[in-house]
Amino acid sequence: MLAEAIIRIGRPIKDSDMPCRDKIRLLTDVSSENCKNFFRHVFLLEITEKDIGFQLMEVGDRGTKEKKETFQVNPIRNVAFPIFYPNGGNPLHAQGIYPLPCYLVYDPHIKAMKDKEAFNKEFLLPRLGKTLGYRDRAEAERAALADRIAELLAARGAELITEDKQLGVMMIFDQELPMFHKYQEKSENELSMWIAESPLTPGAHLHLDGEEVLKRIGRAKFYEAAELGKEKNALSTFTNRKTDEVVSIYNKSWLWLSPTWESPRSIYWNDDEWTKGIKVDEESYAAYLYGVQFLKEIQVPISSAVLKEMFAPITSVEAKKMMSVESFESIYGIPMVLPLADGDSRQLFVKYQKLLKKRDEKQSDGDLQLKVLAGIDRIVPEMGDEHRLTILYYSGDLSRGNMHIRAMIEDVIPSVAGQVEKILYRLSSRETGKIQEAFGVREQPIYRTQNLPALLANVYGPGYVWESLRRVFHKEPLRWERLHMATARKLNELANKEDRGQMLQELVFHYSFLYFLKEYEEKILRKQGGVRTLADWDEFKALYAQGKLELSHLVRAEQLGFAAGLLLKQFSNSYYQKTGKDFVKQRVMKFGSKLTPAMIWKNGLLRCEELAQQWSMKLGSNFRPMLAQTLLGFLEKEQELIPEKDTFMTAFWSGYLLYKSDKNNDGGTESAPEVKEEDGGRDNE
């Protein structure tokens, strides 16, 4: 269950020795980019029984960049003003439960400060009624406090309000509330945060109690969840223990379970009966709060380039080129590290701390580079197989409760993920270059093989992205029929357009994936044989060049197709010298038709000897023996070529484009013009 995983992640963070400052920063929005400009105007009000003081501050520094004014929030002082950015709804209205009287102030609120009644009605009274420490007081007491504040601000309105758009933070420092303290000296430590010098008592300093703030944040969120359901003396879903009070799992900070989203809610529940689904105690809910805030911090959007590779069509090169990187909805990825059994909380917290620090390079070989494995730009610190990795993908707008979990890949064994990463690294750093060299194209990175989601999506298609990822991480076998189907269709499309360079690129990708598949089967599945990579054709080509291929070498459709490709390319070189024309284009692929095994056999191979006699062509000594064996192979495999046509055609174009001109095999003639290395197409990203 996702909620249980989040609680297990949040508990070691909640119970850790992380400084209060860092916990407040994690649980609030003080460091959010959305809140930066609010700290330009901080309205500090100090309240005592008889007096009220006011100070307007700027918690940050102004600067200039490219002739534009900039504002940088002070990362130390801002924690003393715990604010929450609203998720959904109208931000001008009071939302949720406030743990302390510290509020975001929008421009309409600031403009209303000159009108005491309007500011009271629109801003102060609604927020005081939803603030811990005030919500339980009598309405008349709250109204009296609001009147005092509104009267002061109305008197100072002329100096506070400008014509420009203004955003701000308002804190009401009330010593009757336990999180506020006034000391004669400025004192800052792990538990006490300096707010400012007292506007009422010159020389005295106002401070915020960090531990009390954390308690109240947890309590405020717990009360928010109770709005959708609460029960007394009930069993908690997660601890299976009876507690004084349980509430729903709903969390306004991260709207995984939103009251506007009906999917997880039974039609038989009332609006305040969500506890019929999941009941959570206060301690577990606090851990849940830490967990969701932590996951918000480490979530990473998948880049548009990766999304294009994941969700573009795989059978048409032209269709893929026409798709823009802006065509895809944003998808976010979140890595979740969980122990198989709850153990050393401190050790787990250290791993979470490392996850929070976004790094570009691995610190050790055991770290997992999720950019390669999952398309997520995060590095998971080294961990043993006593842990499991869960990768969550979602799309949509969480702030509106409009989100969709695309995939949740659970129980990823770290050692398996590490082996997959090493295979991908060998592929990109070594094998791809060898494959490109064999096809005679310029060595360059192939974007489709740089990460696992792109690699699998280009083979299996958008509809199978998540399932194929899950299969790899769970050590399940992969099939390659769709690879041959997609490659064959694209090669036929490109052959009709005479785009030889792009054909080479498609075959480079094809054999790159086959290398990955072979390594995956051998290193992870412990399965030998079955996958033929490009290197496996070397002996086949050598036997062909020597004229020693026999019928026993042509028992499979791909072997027959590869031999046919070598034969037609060798013949085409000699044919070009006699006629100046491309044999396959003129005689085999008539009128741009889709090439088939039958056409290669009947329009191509069966005509070779006739045309060789007609044009007195000089053919290599190996050609006629190889032609005879291949034609016999066609007779034996005629019925099998129909269901295996994609495998045959992929192998045919492989042999055709891999054939290297040899004066001994081409009868001493020059071959047809080849595409130069620098013209060998480009990776179709």
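Residues numbered from 1 in each chain as written. Predicted model: local features only at pLDDT ≥ 70, side-chain atom pairs only at ≥ 80, totals over all residues. Heavy atoms only, no water.

In a beta sheet, neighbouring strands are held together by backbone hydrogen bonds and run either parallel or antiparallel to one another. One open sheet accounts for four strands, arranged β2-β1-β6-β5; its pairing is mixed. Each having just a single partner strand, β2 (52-57) and β5 (102-105) make up the two edges of the open sheet. Recorded for the sheet is a direction-independent mean angle of 20° between the axes of neighbouring strands. Examined bridge by bridge, strand β1 (residues 42-47) and strand β6 (residues 168-174) share six bridges and lie parallel to one another. Within the sheet, the bridge partner assigned to glutamate 46 lies in β6 and is phenylalanine 173. The strands that helix α4 (residues 116-128) touches are β5 and β6; relative to β5, the one it contacts most, it runs at about 145°. (Pairing = 2+ DSSP bridges. Helix = DSSP H or I, 4+ residues; strand = E, 2+ residues; numbered from the N terminus. Axes fitted to C-alpha atoms, helices over the stretch in contact; angles between N-to-C directions. Contact = heavy atoms within 4.5 Å.)

What the rule picks out here adds up to 29 aromatic pairs. Look at phenylalanine 119 and phenylalanine 123: their rings are 5.1 Å apart centre to centre, the planes differ by 15°, and that puts the pair in the stacked class. Note that phenylalanine 119 and phenylalanine 123 are positioned in helix α4 at a spacing of four residues, about one turn of the helix. In this structure an aromatic cluster arises from ring pairing among Tyr98, Tyr103, Phe119 and Phe123. The residue whose ring lies beneath arginine 406 is phenylalanine 311, and the NZ or CZ to ring-centre distance is 6.0 Å. When the ring centre of phenylalanine 509 is taken as reference, the NZ or CZ atom of arginine 448 above it lies at 4.7 Å. (Phe/Tyr/Trp six-rings, centres within 6.5 Å; stacked < 30°, edge-to-face > 60°. Lys NZ or Arg CZ within 6 Å of the ring centre and 35° of its normal.)

Attention now goes to the domain arrangement of the protein. Domain annotation of the protein identifies domain 1 (13-208), domain 2 (300-531) and domain 3 (536-660). One C-alpha centre belongs to domain 2, the other to domain 3, and the line joining them spans 36 Å. The interface of domain 2 with domain 3 comprises 20 residues on the first partner and 17 residues on the second. Both faces combined, the contact of domain 2 with domain 3 buries some 1,600 Å², and carbon together with sulfur accounts for 56% of it. At the boundary of domain 2 with domain 3, the tally comes to two salt bridges. The shortest N-O distance in the salt bridge between lysine 518 and aspartate 536 comes to 3.2 Å. (Domains from an automatic or database assignment. Buried area = accessible area lost by both parts, 1.4 Å probe. Salt bridge = Lys/Arg side-chain N within 4 Å of Asp/Glu carboxyl O.)

An order of β12-β13-β16-β17 is seen for the four strands of this open sheet, with the pairing classed as antiparallel. Across the chains shown, the open sheet's two edge strands, defined by having one partner strand only, are β12 (300-301) and β17 (402-412). Direction of pairing for strand β16 (residues 387-397) relative to β17: antiparallel, over a ladder of eight bridges. Paired with tyrosine 394 across the strands is isoleucine 405, a residue of β17. Each of β12 and β13 (331-339) is contacted by helix α8 (residues 282-298), which is oriented at about 130° to β13, the strand it contacts most.

If you walk through the whole model with that rule in mind, you get 40 salt bridges. The closest approach of N and O atoms between arginine 470 and glutamate 476, which form a salt bridge, is 3.1 Å. Take arginine 470: its relative accessible area is 25%, and that puts it in the partly exposed class. Salt bridges sharing partners connect three or more residues here, namely Arg11, Lys14, Asp15 and Glu283. (Buried < 20%, exposed > 50% of the residue type's maximum accessible area, 1.4 Å probe, protein only.)

Moving on, we get to the confidence of the model for the protein. Of all residues in the protein, 92% attain a pLDDT of 70 or more, and the chain-wide mean is 89. Here residues 667-671 is modelled with pLDDT under 50, and outside its nearest four sequence neighbours on either side it reaches 12 contacts, counting other chains as well. Every residue in residues 675-680 is under pLDDT 50, and counting partners more than four places away or in other chains gives 10 contacts. (pLDDT = per-residue confidence, 0-100.)

In this section: the nonpolar core. In terms of nonpolar packing, the biggest core is built from 208 residues, with Phe81, Ile195, Tyr393, Phe516 and Trp653 touching the most fellow members. Looking at this core element by element, the count peaks at 13 residues for helix α17 (residues 500-524). Apart from residues no more than four positions distant in its own chain, phenylalanine 81 is found in contact with Val30, Phe39, Val42, Met57, Val59, Cys102, Val169, Met171 and Ile195. (Core = buried A, V, L, I, M, F, W, Y, C linked by side-chain atoms within 4.5 Å.)

Glancing now at the pairing of β13. In terms of burial, β13 is a largely internal element, eight of the nine residues being buried. Here β12 runs beside β13; their pairing, made up of two bridges, is antiparallel. Following the sheet pairing, proline 301 is matched in β13 by tyrosine 332. The pairing of β13 with β16 spans nine bridges and is antiparallel. Looking at β16, one finds that isoleucine 334 is bridged to leucine 392.

On to the state of the cysteines, then. Evaluated as defined, the whole model comprises zero disulfides. The thiol of cysteine 20 is unpaired, and the distance to the nearest cysteine sulfur, on cysteine 102, comes to 16 Å. (Disulfide = S-S within 2.5 Å.)

Residue placement: alanine 3 occurs in helix α1 (residues 2-14). For alanine 3 and serine 198, which are 195 residues apart along the polypeptide, the C-alpha to C-alpha distance reads 44 Å.

Side chains of Asp115, Glu117, Glu122, Asp147 and Glu151 sit close together on the surface and give a patch of like negative charge. Sorting the residues of the negative patch by element identifies α4 and α5 (139-155) as the ones contributing at least two each. Assignment of secondary structure puts glutamate 122 in helix α4. With relative accessibility at 43%, the residue glutamate 122 sits in the partly exposed group. (Patch = residues over 30% accessible without salt bridge, like charges linked within 9 Å, V, L, I, M, F, W, Y side chains within 5 Å. Areas by Shrake-Rupley, 256 points an atom, 1.4 Å probe, with all protein chains shown as cover. Lys, Arg positive; Asp, Glu negative; His and termini not counted. Charge placed at Lys NZ, Arg CZ, Asp CG, Glu CD.)

Moving on, we come to the packing of helix α19 (residues 557-579) against helix α23 (residues 645-658). Close contact between α19 and α23 brings their axes to 6 Å; oriented N to C, the two are set at 35°. The handedness of the crossing between α19 and α23 comes out as right-handed. Side by side, α19 and α23 meet where Ala557, Glu558, Leu560, Gly561, Phe562, Ala564, Gly565, Leu566, Leu568, Lys569 and Ser572 of the first sit next to Thr647, Phe648, Ala651, Phe652, Ser654, Gly655, Tyr656 and Leu658 of the second. Class assignment for the residues of the contact of α19 with α23 results in 11 nonpolar, six polar and two charged. (Left-handed = near helix turned anticlockwise from the far one by under 90°. Nonpolar A, V, L, I, M, F, W, Y, C, P; charged D, E, K, R; others polar.)

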